[in-house]
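Residues per chain are reported as follows:
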Amino acid sequence: MTYRSPKLREAARGRPCVLCGIEDGTTVAAHSNALEHGRGIGHKAPDFYTAFLCVRCHDLVDGRAGKLSKEEKRDMWMRAWVKTVAVWFNEGIVK
């Protein structure tokens, strides 16, 4: 069973993107696409592998936009995830 947490997913609502800083109402809890994070075909990674990303940054890390390499997308998502985890702990979302 994959870990699901509405609290972690909902925490993205109304926040700025942790990468570009835009605050346009499109920020979501973007799941990791890395296989080692538990995702597979038709199966999202656990909710503790999410990052607060706007639609533009989400499209970049998911490969729907831009021409980033696999390594660039992974690095971009990982930087966002580290910043997101810091928000969870600094704001008491996760204790």
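Residues numbered from 1 in each chain as written. Predicted model: local features only at pLDDT ≥ 70, side-chain atom pairs only at ≥ 80, totals over all residues. Heavy atoms only, no water.

This brings us to the nonpolar core. One recurring pattern in soluble globular proteins: nonpolar side chains tend to sit buried together. Counting residues in hydrophobic clusters, the biggest one holds 19 residues, and the most contacted among them are Phe-52, Leu-53 and Cys-57. Elements with a minimum of two residues in this core: strand 1 (28–31), strand 2 (50–53), helix 2 (55–62) and helix 3 (70–90). Broken down by element, this core gets its largest block of residues, five residues, from helix 3. Beyond its immediate chain neighbours, meaning those up to four positions away, Cys-57 contacts Cys-17, Leu-19, Cys-20 and Met-76. (Core = buried A, V, L, I, M, F, W, Y, C linked by side-chain atoms within 4.5 Å. Buried < 20%, exposed > 50% of the residue type's maximum accessible area, 1.4 Å probe, protein only. Helix = DSSP H or I, 4+ residues; strand = E, 2+ residues; numbered from the N terminus. Contact = heavy atoms within 4.5 Å.)

What follows deals with helix 2. Listed in full, the buried residues belonging to helix 2 are Cys-57, His-58 and Val-61. On an axial view of helix 2, the arc spanned by its buried residues comes to 100 degrees, and they lie on one face. Residues of helix 2 that are buried make contact with strand 1, strand 2 and helix 3. Directly beyond the C-terminal end of helix 2, a positive phi value near 85 degrees is found at Gly-63. (Arc of directions from axis to C-beta.)

Glancing now at the packing of aromatic side chains. Per the counting criterion, the structure on display carries four aromatic pairs. A centroid spacing of 5.0 Å and a plane angle of 55 degrees characterise the contact between Phe-48 and Tyr-49, whose relative ring orientation is tilted. Looking at Phe-48, the relative accessible area reads 36%, which means it is partly exposed. Judged by centre distance (5.7 Å) and plane angle (40 degrees), the rings of Tyr-49 and Trp-81 are tilted. Here Tyr-49, found in the loop between strand 1 and strand 2, pairs with Trp-81, found in helix 3; they are 32 residues apart in sequence, far enough to count as distant. (Phe/Tyr/Trp six-rings, centres within 6.5 Å; stacked < 30°, edge-to-face > 60°.)

For the rest of this paragraph, the subject is the pattern of salt bridges. Applying the stated criterion to the full structure yields seven salt bridges. We note a salt bridge from Asp-62 to Arg-64, for which the minimum N-O separation is 2.9 Å. Look at Arg-64 and you get exposed, because its relative accessible area is 52%. It is possible to trace a salt-bridge network through shared partners that takes in Arg-4, Arg-9 and Asp-47. (Salt bridge = Lys/Arg side-chain N within 4 Å of Asp/Glu carboxyl O.)

This part is about the environment of Leu-68. Note on placement: Leu-68 falls in the loop between helix 2 and helix 3. Separated by 50 residues in sequence, Leu-68 and Val-18 have C-alpha atoms that sit 19 Å apart. Those residues in contact with Leu-68, other than ones at most four positions away along the chain, are Leu-60, Lys-73 and Met-76.

With respect to the helices and strands, Thr-2 occurs in the segment before helix 1 (6–10). One polar contact links Thr-2 to His-43, side chain to side chain, over a distance of 2.6 Å. When sequence neighbours within four positions are dropped, the list of residues in contact with Thr-2 reads His-43, Lys-44, Ala-45 and Pro-46. (Polar contact = N/O pair within 3.5 Å; in protein donor to acceptor, adjacent residues only side chain to side chain.)

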